[in-house]
Each structure stands twice: as C-alpha cells, then as structure tokens.
Amino acid sequence: MHFRMETLKAAQLYGVSGWVRNKADGTVEALFEGEKESVDLILEWCRKGSPPAKVEKTDVNWKDYTGEFDEFKITY
C-alpha cells in the first residue's frame, strides 16, 4: 500500500486526477489525467518512487484527455 499512498500524495501535489492500483502480478498500474506539465511531473516521480520503493521500469501509454476524473484515488 505504501507506493499507492505515496502516489496519491504526489498526484494531489501535482494536481492530476485518475487512479492507482496494484495488479495481481505485483506491479502497480496508474492512470493520470491533467495538464501535460503536471502529468510529466507525476511520471517523473513514478520513475523514482518514494523510499523504500524499488522502481525497475515504467511503461507509459499516452491517450487523449477525457476529463473523466475529478480526483485521484486508490482503487482495488
């Protein structure tokens, strides 16, 4: 839960909406929506994570902005 909670805090700091969740294979998946500069900042944060996170790789898939989310949350 630590990485997801820290991602939530970072998303709120950078002003992005969307969600973050753990996957069954142990990886973390997230969807970020907002201004490109803000999304770039949260993606940079994700590449490092917070201590004691060990980020080995990040994959990014860009999609068109939909305005679907009005907050950032942890999903299950």
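Residues numbered from 1 in each chain as written. Predicted model: local features only at pLDDT ≥ 70, side-chain atom pairs only at ≥ 80, totals over all residues. Heavy atoms only, no water.

Some remarks on the overall build of the protein
Operational definition: Helix and strand assignments follow DSSP, with helices taken as H or I runs no shorter than four residues and strands as E runs no shorter than two, numbered in order from the N terminus. This radius of gyration counts C-alpha atoms alone. The globule rule is 2.2 Å times how many residues there are, raised to the power 0.38.
Counting secondary structure elements, the protein contains 2 helices and 3 strands. Put simply, the protein runs from its N terminus to its C terminus through helices and strands in the order α-β-β-α-β. A globule of 76 residues ought to have a C-alpha radius of gyration of about 11 Å, and the protein, at 12 Å, matches this closely. Along the three orthogonal principal directions, the C-alpha set of the protein runs to about 30 × 25 × 20 Å.

Some remarks on the sheet that holds strand E2 (residues 28-33)
So the rule is basically this: One requirement defines pairing of two strands: DSSP has to find at least two bridges between them. The convention used is that axes are lines fitted to C-alpha atoms, helices contributing only their stretch in contact, and that angles between N-to-C directions extend from 0 to 180 degrees. Throughout, a contact is declared for two residues whenever any of their heavy atoms are within 4.5 Å.
If you trace the 3 strands from one edge of the open sheet to the other, you get E2-E1-E3, paired in mixed fashion. The open sheet has two edge strands, E2 and strand E3 (72-74), and neither has a second partner. Averaged over all neighbouring strand pairs, the angle between strand axes comes to 10 degrees, with direction disregarded. Across the sheet, helix H1 (residues 2-14) is in contact with strand E1 (17-22), E2 and E3; its angle to E3 comes to roughly 175 degrees.

Quick notes on the packing of H1 against helix H2 (residues 36-48)
Keep this limit in mind: Orientation is classified from the angle alone, with under 35 degrees giving roughly parallel, over 145 giving roughly antiparallel, 65 to 115 giving roughly perpendicular, and any other angle giving oblique. Crossing chirality is assigned from the near helix's rotation relative to the far helix, an anticlockwise turn below a right angle marking it left-handed and a clockwise turn marking it right-handed. Residue type decides the class: Asp, Glu, Lys and Arg count as charged, Ala, Val, Leu, Ile, Met, Phe, Trp, Tyr, Cys and Pro as nonpolar, and the leftover types, Gly among them, as polar.
Across the interface, H1 lies against H2 with an axial gap of 10 Å and an inter-helix angle of 155 degrees. Between H1 and H2, the angle is such that the two are roughly antiparallel. For the crossing formed where H1 meets H2, the hand is right-handed. In contact with Phe3, Glu6, Thr7, Ala10, Ala11 and Tyr14 of H1, H2 contributes Ser38, Leu41, Ile42, Trp45 and Cys46. Among the residues making up the contact of H1 with H2, the classes are represented as 8 nonpolar, 2 polar and 1 charged.

What about the environment of Asp40?
Following the sequence through the fold, Asp40 ends up in helix H2. Taking the C-alpha atoms as reference points, Asp40 and Leu8, 32 residues apart in sequence, are found 15 Å from one another.

Things to note about the nonpolar core
The condition is simple: Take the buried Ala, Val, Leu, Ile, Met, Phe, Trp, Tyr and Cys residues and link them wherever side-chain atoms come within 4.5 Å; each set so joined is a nonpolar core. Exposure classes here rest on a 1.4 Å probe applied to the protein chains alone. A residue is buried below 20% of its type maximum, exposed above 50%, and partly exposed in between.
One finds Val16, Phe32, Ile42, Trp45 and Phe72 to be the most contacted residues of the largest nonpolar core, which totals 14 residues. Those elements that provide at least two residues to this core are H1, H2 and E3. Broken down by element, the residue count for this core peaks at 5 residues, all from H2. Not counting the four nearest positions on each side in its chain, Val16 is found in contact with Ala11, Phe32, Glu33, Ser38, Val39, Ile42 and Phe72.

Here we look at the packing of aromatic side chains
The criterion, for reference: Pairing of aromatic rings covers Phe, Tyr and Trp, the last through its six-membered ring, and needs centres within 6.5 Å; plane angles under 30 degrees mean stacked, over 60 mean edge-to-face, and all others mean tilted.
Evaluated as defined, the whole model comprises 2 aromatic pairs. Between Phe3 and Trp45, the aromatic rings sit 5.5 Å apart at their centres with planes inclined by 40 degrees, giving tilted as the arrangement. A residue pair is termed long-range when its members are at least 10 positions apart, and Phe3 in helix H1 and Trp45 in helix H2 qualify at 42 residues. The same class applies to Phe3 and to Trp45, which are both buried. With a centroid separation of 5.6 Å and 10 degrees between ring planes, the pair formed by Phe32 and Phe72 is classed as stacked. Taken together, the positions of Phe32 in strand E2 and Phe72 in strand E3 put the pair 40 residues apart, joining distant regions of the chain. What makes Phe32 buried here is its relative accessible area of 17%. Classification of Phe72 as buried rests on a relative accessible area of 7%.

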